[in-house]
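Chain and residue survey
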Amino acid sequence: MSFPKGFLWGGAVAANQSEGAYNVDGKGLSTADMITGGTVDRPRMFSPNLIEGAYYPSHQAIDMYHHYKEDIALFAEMGFKILRISINWTRIFPNGDDPEPNEKGLQFYDDLFDECKKYGIEPLVTLCHYEIPWNIVTKYKGFYSRKTIDLFLKYAKTCFNRYKGKVKYWLTFNEINIGTMPDGGLNGMGLVQEEDLKRSEPCSTEELKDVPQERYEALHNQFVASALAVKEAHKINSEFMVGCMICHITWYPLTPNPKDMLAFQQKDRLFNDFCGDVMVRGSYPNYIYPYFKEQGIDTSFITEEDKEILLSGTVDMYTFSYYMTNCVSTDPDVEQVGGNLIGGAKNPYLELSDWGWQIDPDGLRYTLNLLHDRYPEVPLMVVENGFGGIDEIDEDGSIHDPYRIDYLREHIQAMKGAIKDGAPLIGYTSWGPIDIVSAGTGQMHKRYGYIYVDRHDNGTGDFTRSRKDSFYWYKKVIETNGETLD
Ligand code: BGP
């Protein structure tokens, strides 16, 4: 058993991490534009007003806005079948609540999709990838307001109608389960408290005030917005495939201690299962109500009408990001490791990446099987996976990145294993096929690409693109539909 014919090989980027041109052609400010660059030890900082002289990585990113033709040509050279991008909401509706969309923004993505089409690359489009119009944050408190459901729907419908002949695959919210995390308000939902909007000094996103009741209401509003968007999408084009997108942090109990097992189960349900259950099955799972009760969350925001919407707007596919696994332990003294959005207890069997994320290809096979068991009704797609590391250019211009090839090879092998086990995997878009800004740290130094970009954390670099060894390797993988992995 191998990769099915027509398997969708490609890569994934997000607008705020790649496009730059943050104030060009009528684009408004988004949440991503308000956070400075950081490092693995120094957090990205937020302030309600842009600080003159501060470095905001999204403002120029890798300037894909002006390089997309060159970039898509390089993706095509590798043989991409699919390219995951996100539409920056603020290019289409600069303030989020404008009466009319911004034609220049619409035209940009039209041109980009035409370029994809030229090479037979299918776009996969995320409508909201940590890019919420700043005006929606300050005026409506992000998704905490039900008004934002309408604004999102208007934006989604505008995109569906405009691009209906060019885009088939859509995702509503990137890593929607960030909303279950105390520091998920700003990036995920544009939910920032009044007192933080009045700050005169910058603070890290972790320092922003969390009001769990409001956060879960905002998350609920996103579920409703997503379900309504799915329904609209199907009305506009019955061929559309709309997916949820979950940050899947696969957990293992650190030991067979039943206490660890119970802690693992609780974490797994809340972080991994909850959002997918709502979006694939169309209703809040039973286990969430006792959790809400224990946390003092009043659930009266889940109205009967909303329940019907959720049930009638379930997604067509389950997509997720997978970078590493973490362990759960009830012992507060065990060693901890970092991770994508959230860390955990260290697994003694796994190696770490340069940024301290545990590398676990077998965990991907396990995860795909787990998801197939849980959601047998929908196909699966891995829409983020990759190795963020440090790359050096040799004097002759070559870039040798065997560590990245090793990581990807093993994860592709794991996907093969899962397909053999029966998982309905239809595509793989590895993260950052071209070096882009890191979401977690804002660094360029953390590189994922098959293509190197001359851009650095101090804002220098001329944006030149160069092929790394992994470029030629991935090209071969795609050419042979995953048969040649050496
Ligand atoms: C996910 C995000 C991406 C992305 C990726 C890698 O959480 O959806 O936007 O960047 O993680 O994380 P990082 O960029 O921090 O290495």
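All of the points below concern the structure found in this document. (Residues numbered from 1 in each chain as written. Predicted model: local features only at pLDDT ≥ 70, side-chain atom pairs only at ≥ 80, totals over all residues. Heavy atoms only, no water.)

Here we come to a negative patch on the surface. On the surface, Glu392, Asp394, Glu395 and Asp396 cluster together into a patch of negative charge. Within the fold, Asp394 resides in the loop between β15 (380-384) and α15 (402-421). By relative accessible area, which is 34% here, Asp394 ends up partly exposed. (Patch = residues over 30% accessible without salt bridge, like charges linked within 9 Å, V, L, I, M, F, W, Y side chains within 5 Å. Areas by Shrake-Rupley, 256 points an atom, 1.4 Å probe, with all protein chains shown as cover. Salt bridge = Lys/Arg side-chain N within 4 Å of Asp/Glu carboxyl O. Lys, Arg positive; Asp, Glu negative; His and termini not counted. Charge placed at Lys NZ, Arg CZ, Asp CG, Glu CD. Helix = DSSP H or I, 4+ residues; strand = E, 2+ residues; numbered from the N terminus. Buried < 20%, exposed > 50% of the residue type's maximum accessible area, 1.4 Å probe, protein only.)

Take the pattern of salt bridges next. Taken as a whole, this structure holds 30 salt bridges when the rule is applied. A salt bridge links Asp97 to Lys139; the shortest N-O distance between them is 2.8 Å. Of this pair, Asp97 sits in the loop between α4 (89-92) and α5 (103-118) while Lys139 sits in helix α6 (residues 134-140), placing them 42 residues apart in sequence. Classification of Lys139 as exposed rests on a relative accessible area of 51%. A cluster of three or more residues bridged by salt bridges with shared partners is formed by Asp391, Asp401, Arg404, Asp435, Arg447 and Lys468.

The immediate surroundings of the ligand are formed by 14 residues, with Gln17, Glu175, Ala439, Lys446 and Tyr448 found nearest. Separating an oxygen atom of the ligand from a side-chain N or O atom of Tyr448 is a distance of 2.5 Å. Among the residues making up the shell around the ligand, the classes are represented as five nonpolar, six polar and three charged. (Near = heavy atom within 4 Å. Polar contact = N/O pair within 3.5 Å; in protein donor to acceptor, adjacent residues only side chain to side chain. Nonpolar A, V, L, I, M, F, W, Y, C, P; charged D, E, K, R; others polar.)

Counting buried residues along strand β16 (residues 425-431), six of its seven residues qualify, which places the element largely inside the surrounding structure. Summarising the sheet, strand β1 (residues 8-12) and β16 pair through five bridges and their orientation is parallel. Note on β16: the bridge partner recorded for Gly10 is Thr429. This β-α-β element, β15 to α15 to β16, shows right-handed connectivity. (Pairing = 2+ DSSP bridges. Right-handed = clockwise from strand over helix to strand, strands pointing away.)

Another aspect to go through is the sheet that holds strand β3 (residues 82-86). Spatial ordering of the closed barrel is given by β1-β3-β4-β5-β7-β9-β15-β16, a layout of eight strands whose pairing is parallel. Adjacent strand axes in the sheet meet at a mean angle of 25°, parallel and antiparallel pairs treated alike. Two strands pair when backbone bridges link them, and strand β4 (residues 122-128) and strand β5 (residues 169-173) are joined in this way by four bridges, in the parallel orientation. The residue of β5 that forms the bridge with Cys128 is Phe173. (Axes fitted to C-alpha atoms, helices over the stretch in contact; angles between N-to-C directions.)

What follows covers the nonpolar core. Of all hydrophobic cores here, the largest spans 146 residues; its most connected members are Phe152, Phe274 and Tyr474. Formed by ten residues, the second largest nonpolar core is a distinct cluster that contains Leu124, Tyr169, Met241 and Met317. (Core = buried A, V, L, I, M, F, W, Y, C linked by side-chain atoms within 4.5 Å.)

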